[in-house]
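Commentary on secondary and tertiary structure
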Amino acid sequence: MARPTSATIHTDALRHNLGQIRLRAPDSRVMAVVKADGYGHGLERVARALGGADAFGVASLSDAERLRAAGISQPILLLSGFDEPADIERLRQLHVDTAVHHETQVQMLEQAADGEPVRCWLKVDSGMHRLGFAPEVVRDMHARLAALHGVVGEIVLMNHFASSDEFDGPQTREQMRVFSDATSGLPGQRSLANSAAVLGWPTAHADWVRPGGAMYGMSVVAGTSGADFDLRPAMTLATRLIAVNTLHRGDCVGYAGTWSCPEDMRVGVAAIGYGDGYPRAAPAGTPVLVDGRAAQVIGRISMDLMTIDLRGHDEARVGSPVILWGPELPVERIADVAGTISYELTCSITRRVRFVEA
Ligand SMILES: *Cc1c(COP(=O)(O)O)cnc(C)c1O
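Just so it is clear, the structure is predicted and the values come from calculations on it, not from any experiment.

The rules behind the values
The residue count restarts for each chain, going from 1 along the sequence in the order it is written. With the structure being a predicted model, the display of local features is reserved for residues of pLDDT at least 70 and the display and counting of side-chain atom pairs for 80 or more, all residues being used for whole-chain, interface and lining totals. As a convention, hydrogens and water are excluded, and side-chain values are obtained from all of the structure's heavy atoms. UniProt positions are given in the numbering used here, feature names are shortened, and annotations may be inferred rather than shown by experiment. The way it works is that DSSP assigns letters per residue, a run of H or I at least four long becomes a helix, a run of E at least two long becomes a strand, and they are numbered from the N terminus. Burial status follows relative accessibility: with a 1.4 Å probe on protein chains alone, a residue under 20% of its type maximum counts as buried, one over 50% as exposed, and anything between as partly exposed. Positive: Lys, Arg. Negative: Asp, Glu. His and the chain ends are not part of the count. The term salt bridge refers to a side-chain nitrogen of Lys or Arg lying within 4 Å of a carboxyl oxygen of Asp or Glu. Contacts described as polar in this section are N or O atom pairs within 3.5 Å, which, within protein, must combine one atom able to donate a hydrogen with one able to accept it, while residues neighboring in sequence count only if both atoms come from side chains. Contacts are assigned to residue pairs with any non-hydrogen atoms lying within 4.5 Å of each other. Whether a residue is near a molecule or strand depends on its heavy atoms: if one lies within 4 Å, it is near. Using a 1.4 Å probe, accessible areas were evaluated by the Shrake-Rupley method; residue-level cover was limited to the displayed protein chains. Grid points spaced at 1 Å over the protein atoms alone were grouped into cavities, where a 1.4 Å probe fits but cannot get out, and pockets, open sets with protein on both sides within 12 Å along at least five of seven lines, with lining residues defined by an atom within 4 Å of a point. Here the criterion for a molecule occupying a pocket or cavity is that more than half of its atoms lie within 2 Å of the pocket grid points. Residues are sorted three ways: Asp, Glu, Lys and Arg are charged, Ala, Val, Leu, Ile, Met, Phe, Trp, Tyr, Cys and Pro are nonpolar, and all the rest, Gly among them, are polar. Here the expected span of a helix is defined as 1.5 Å times the quantity of residues minus one. Arc definition: directions from the helix axis to the C-beta atoms.

Considerations on the UniProt feature "domain: Alanine racemase C-terminal" (unreviewed entry) in the chain
When the UniProt feature table is mapped onto this chain, "domain: Alanine racemase C-terminal" (unreviewed entry) is found at residues 234–358. Note that residues 234–358 is 11% helix and 37% strand, and that its end C-alpha atoms are spaced 10 Å apart.

Structural notes on the side chain of Asp 125
Tracing the backbone through its elements, the reader meets Asp 125 in the loop between β6 (120–123) and α7 (138–146). In this structure, Asp 125 is buried with no salt-bridge partner, the nearest side chain bearing the opposite charge being Arg 130 at 8.6 Å. Looking at Asp 125, its side chain comes within polar contact range of the main-chain nitrogen of Met 128, at 3.2 Å. Here His 129 takes part through its backbone nitrogen, which lies 2.9 Å from a polar atom of the side chain of Asp 125. Filtering out sequence-adjacent residues up to four positions away, Asp 125 remains in contact with Leu 131, Gly 132, Phe 133 and Pro 135.

Focus on the site of the ligand
The immediate surroundings of the ligand are formed by 13 residues, with Lys 35, Tyr 39, Ser 195, Gly 212 and Gly 213 found nearest. Gly 212 is positioned such that a nitrogen or oxygen atom in its backbone is 2.8 Å from an oxygen atom of the ligand. Between the ligand and Gly 213 there is a distance of 2.8 Å, counted from an oxygen atom to a backbone nitrogen or oxygen. When the ligand sits alone it has 390 Å² of accessible area, and the protein chains cover 91% of it. In a pocket analysis with a 2 Å cut-off to the grid points, the ligand is assigned to the largest pocket. Looking at side-chain class alone, the shell around the ligand contains five nonpolar, five polar and three charged residues.

Re unusual backbone geometry
A positive phi angle, close to 75°, is found at Asp 168, a residue other than glycine. Mapped onto the fold, Asp 168 is located in the loop between β7 (156–158) and α8 (170–183). Positive phi outside glycine occurs at Asp 230, with the angle close to 60°. The topology assignment puts Asp 230 in the loop between β9 (208–209) and β10 (235–247). According to the relative accessible area criterion, Asp 230 is partly exposed, its value standing at 49%.

A look at α8
Owing to its 3.6 residues per turn, the α-helix brings residues three or four apart onto one side. Between its first and last C-alpha, α8 extends 20 Å over 14 residues, near the 20 Å set by a 1.5 Å rise per residue. The complete set of buried residues in α8 reads Thr 172, Gln 175, Met 176, Val 178, Phe 179, Ala 182 and Thr 183. Viewed along the axis of α8, the buried residues span an arc of 165°, placing them on a single side of the element. After α8 finishes, the residue Gly 185 shows a positive phi value of roughly 85°.

Observations regarding the pattern of salt bridges
The tally for this structure, following the rule as stated, stands at 18 salt bridges. A salt bridge links Arg 144 to Glu 103, with the shortest nitrogen-to-oxygen separation between them at 2.7 Å. Here the residue Arg 144 occupies a position in helix α7, and Glu 103 occupies one in helix α6 (residues 103–111), the gap between them amounting to 41 residues. The class of Glu 103 is partly exposed, set by a relative accessible area of 33%. Of the charged contacts, one joins Asp 309 and Arg 311 as a salt bridge, the two residues approaching to 2.7 Å between their closest N and O atoms. A relative accessible area of 33% places Arg 311 in the partly exposed class.

Structure (structure tokens):
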């Protein structure tokens, strides 16, 4: 029998979320960010479902290649830019835009052979201090790019926010000021906003928004889930019970016996573990749904299995459906108790999980 573990991708939710993003940013174009295999939802599947997006953002040229092979014709932006001279030819062949965040990239473009011009998104480091040009060199880099025949005349200006999930926090306000000063008077479209800025910083929407998580129905705003912003989760992770055992008071469950039964009780064993991408860090008490009703993880998560407290679940049987996250159980809640963010959980689903489209 095949493992009963599946990730169902709700393509209608993806479309709904794109619609919600458009409602919130009505004057902006939407670049759907699909890096990391569409945040674990499946690159081609997501891109097809989001056929209405104005562009796609990827982290690697091979992902851009996959999108073109799948017939995606919208603009694609290589978010972290290219790495070596040979990449420039691939960008041209694939008609893929590139971020330019470092002087070595400007030099490679200056030394590139003539060819079809590449569209560049000049990335300003407005304060995250990861990728981007320092504000004081932005004008110089812009001028060098604008002078090149191999670069499309209009250069897009972008930045990235470090803490836009803190609505009304000082860092985002400061990043907007730094970006605006560094780019004032320069021609071209602007792009600042990731998901949290789409949701909480309307003054940062500009010409292009670049939502990732929100498109998949996830929120990184502390204490919230996507539903709080009228977004719908795009993934349900589910499996089944493959054993139901009656244990005695004092019996220890799982590796290292970290959990012992406080009374005689039934314990369910579900066919999912960290080998499927479920977080091993999820502690006893982490919520799951058995037959659609709330239950709790007990003991350690192992590679292939987890154990579940079935007290109050007298109807549970071998074969009972178990939901790990989905519309009825926000992935944000699981991330919270496992000490991570929802994005990491959906990105971590492994290849042995069966993906289903709904
Ligand atoms: C990942 C990424 C995004 C999307 O971020 P979300 O928080 O998922 O919306 C936007 N812009 C850049 C440059 C990124 O790397």
